[in-house]
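The chain contents come next:
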Amino acid sequence: MVVTKVNLEEKLGKFSEHWTPKIVGELNGQHVKVVKLKGSFVWHQHEKEDEFFLVLKGTLKIHLKERSVTLSEGEFIIIPRGTEHMPEAEEEVQVMLFEPASTVNTGETESSLKVENPEWI
């Protein structure tokens, strides 16, 4: 394995579409992904995986059944497995995700936003 550095700004500059996570690294069976979000996603949950969201740029709201949490740049949240949630961004937000390589972005929910095999960039 070759040791390389990753420039997140450069990686995020390679695409413009929303809700399509891109893989930028892998460690210990986990994918490191970047994604641009705008608008509302779908309510979903991941039965077997926790999900880590780190806001790189912008503001992200994560709706949970009992409350909503707003994340600003430099803040993160871990969504425990089995927790139904819905990300929402009024303006474009850039996010880094850490999750098992097998994780599908919509969990068990069928949606046109489902990305089963994210692209490596």
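Let me sum up the structure you'll find in this document. (Residues numbered from 1 in each chain as written. Predicted model: local features only at pLDDT ≥ 70, side-chain atom pairs only at ≥ 80, totals over all residues. Heavy atoms only, no water.)

1. Considerations on the pairing of strand S2 (residues 30–40)
- Summarising the sheet, strand S1 (residues 22–27) and S2 pair through five bridges and their orientation is antiparallel. For Ile-23, the partnering residue across the bridge sits in S2 and is Lys-33.
- The turn joining S1 and S2, which pair antiparallel and follow one another in sequence, is formed by two residues; a positive phi near 50 degrees is taken by Asn-28.
- One ladder, built from 10 bridges, connects S2 with strand S7 (residues 85–100); its direction is antiparallel. The residue bridging Val-32 from the neighbouring strand is Phe-98, located in S7. (Pairing = 2+ DSSP bridges. Helix = DSSP H or I, 4+ residues; strand = E, 2+ residues; numbered from the N terminus.)

2. Points about the nonpolar core
- By size, the foremost hydrophobic cluster in this structure holds 18 residues, and its most contacted members are Leu-37, Phe-53, Leu-60, Ile-62 and Val-95.
- Of all elements in the fold, only S2, strand S3 (51–57), strand S4 (60–64), strand S5 (68–71), strand S6 (76–79) and S7 reach the threshold of two or more residues within this core.
- Among the elements that make up this core, the one with the highest residue count is S7 (four residues).
- Every residue in contact with Phe-53, bar those within four places of it in the chain, is listed here: Leu-60, Ile-62, Leu-71, Glu-75, Phe-76, Ile-77, Ile-79, His-85, Pro-87, Val-95, Met-96 and Leu-97.
- Counting nine residues, the second-largest nonpolar core is a separate cluster that includes Val-24, Val-34, Phe-52 and Ile-121. (Core = buried A, V, L, I, M, F, W, Y, C linked by side-chain atoms within 4.5 Å. Buried < 20%, exposed > 50% of the residue type's maximum accessible area, 1.4 Å probe, protein only. Contact = heavy atoms within 4.5 Å.)

3. Here we look at the environment of Trp-43
- Here Trp-43 shows up in the loop between S2 and S3.
- The exposure class of Trp-43 is partly exposed, given its relative accessible area of 30%.
- Along the sequence, Trp-43 and Glu-84 sit 41 residues apart, while their C-alpha atoms lie 6.5 Å from each other.
- When sequence neighbours within four positions are dropped, the list of residues in contact with Trp-43 reads His-63, Leu-64, Lys-65, Glu-84, His-85, Met-86 and Thr-109.

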